[in-house]
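# Summary of the model geometry
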Amino acid sequence: MQTKITELLHIQHPVFQGAMAWIADGYLAAAVSNAGGLGIIAGGAAPVEVVQKEIQIAKSLTDRPFGVNIMLLSPNTDDLAQLVIDEGIQVVTTGAGSPAKYMEKWKAAGIRVIPVVASVAYAKRMQRMGADAVIAEGMESGGHIGDTTTMALLPQVVDAVDIPVIAAGGIADGRGLAAVRMLGAEGVQCGTIFLSAEECHISEKYKELIYKASDISTVITGKASGHPVRSLKTPLSRKLTEMEGHIETRTLEEIEAMTAGSLRKAVQDGNFAEGTFMSGQIAGLVNHASNCQEIVSTMVQEAENLLTGAAKLV
């Protein structure tokens, strides 16, 4: 399946693996890239030496393009912005802020810059700034989310910009890929489906919860602080929901203290009581273990079959 984004990035399939903090390491990124997609290492708030180590791991496992995601609110952003240049990274995705400060030197280094956007206005701003593409992420996604669904956001972004648009949020199989291609997307970014990959090194409890999830297994917390997050329903998420419903009697500091380190507790420790198990609404479709090669190839083949069939009906 060749699209504008596969041509731009020199990848085989228009499938990005989402940059999930504490999860998207060098092993997972390399496996997705070897499968023909674009693996992405999550920078998160990690120190530069940690991210550099993951880059070296990915380089040792693949000779194909992979990317690094830079969370622009990280205290280490300046160092990470230079690291991707020094390491010859070909693709940088960004989130949680504007990449304006770094755009000129990234472009001068030949890096393709692809910000994640949650609105038409921000997508247009990123295009004016020189972004090579944008990832339009709907609220179905796991982790930090916006207010608009993928179905509504994507075609509006596609109509508003001239650069390639990648769809994210609520996509876990070929039906999702085919659907967003029909809406004008040049590819997809998926997170939740890659939690099932054997190359994804998360706790067994995390995987178990994903496999058992249904269409109503996620909840949004953090609205009170202005930073909504979608995750699986757990004792912690239920407690946060209750606290946010009575925000006048609870301080945001209390809530922040409860969630500090909760993602690590989920990913590494499998701590069901205190962990934040981020997941998209599509988790109900993810019910068995797989590997990156199978995930990517099955998704693309199914989408091609559906799109070919649709073309014959026209």
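None of these values were measured; they are calculated from a predicted model. (Residues numbered from 1 in each chain as written. Predicted model: local features only at pLDDT ≥ 70, side-chain atom pairs only at ≥ 80, totals over all residues. Heavy atoms only, no water.)

### Here's the deal with the sheet that holds strand β7 (residues 143-144)
Read across the open sheet, the three strands follow the order β7-β11-β10; overall the sheet is antiparallel. Unpaired on one side and paired on the other, β7 and β10 (218-221) mark the two borders of the sheet. When β7 meets strand β11 (residues 229-232), the two strands line up antiparallel, connected through two bridges. If you follow H144 over to β11, its bridge partner there is V229. Packing against the sheet, helix α10 (residues 235-244) makes contact with β10 and β11, and its axis sits at approximately 40 degrees to β10. (Pairing = 2+ DSSP bridges. Helix = DSSP H or I, 4+ residues; strand = E, 2+ residues; numbered from the N terminus. Contact = heavy atoms within 4.5 Å. Axes fitted to C-alpha atoms, helices over the stretch in contact; angles between N-to-C directions.)

### Considering the sheet that holds strand β5 (residues 112-117)
One open sheet holds the eight strands; their spatial order is β1-β9-β8-β6-β5-β4-β3-β2, and the pairing between them is parallel. Single-partner strands in this sheet number two, and they are β1 (15-17) and β2 (39-42). Taking each pair of neighbouring strands and ignoring which way they run, the sheet shows an average axis angle of 25 degrees. In this sheet, β5 lies alongside strand β4 (residues 91-95) in parallel orientation, the contact comprising four bridges. When the sheet's bridge partners are listed, V92 is paired in β5 with V113. Of the strands in this sheet, β5 and β6 (134-137) are in contact with helix α6 (residues 120-129), which crosses β5 at around 165 degrees.

### What about the confidence of the model for the protein?
Model confidence for the protein is summarised by a mean pLDDT of 92, while 96% of its residues fall at 70 or above. Per-element confidence in the protein is highest for strand β8 (residues 165-168), whose mean pLDDT is 98, and lowest for helix α11 (residues 252-259), whose mean pLDDT is 74. (pLDDT = per-residue confidence, 0-100.)

### Brief notes about the packing of aromatic side chains
Counted by the stated rule, this structure contains three aromatic pairs. Geometrically, the ring pair formed by Y206 and F277 is edge-to-face, given 5.1 Å between the ring centres and 80 degrees between the ring planes. With Y206 in helix α9 (residues 204-212) and F277 in the loop between α12 (262-269) and α13 (292-313), this pair connects stretches of sequence that are 71 residues apart. A single burial state applies to Y206 and to F277, both of which are buried. Measuring from ring centre to ring centre gives 6.5 Å for F272 and F277, while their planes differ by 50 degrees; the resulting arrangement is tilted. On the basis of relative accessibility, which here comes to 31%, the residue F272 falls in the partly exposed class. Members of the aromatic cluster, joined through ring pairs, are Y206, F272 and F277. Taking the ring centre of F272 as reference, the NZ or CZ of K205 above it sits at 5.1 Å. (Phe/Tyr/Trp six-rings, centres within 6.5 Å; stacked < 30°, edge-to-face > 60°. Buried < 20%, exposed > 50% of the residue type's maximum accessible area, 1.4 Å probe, protein only. Lys NZ or Arg CZ within 6 Å of the ring centre and 35° of its normal.)

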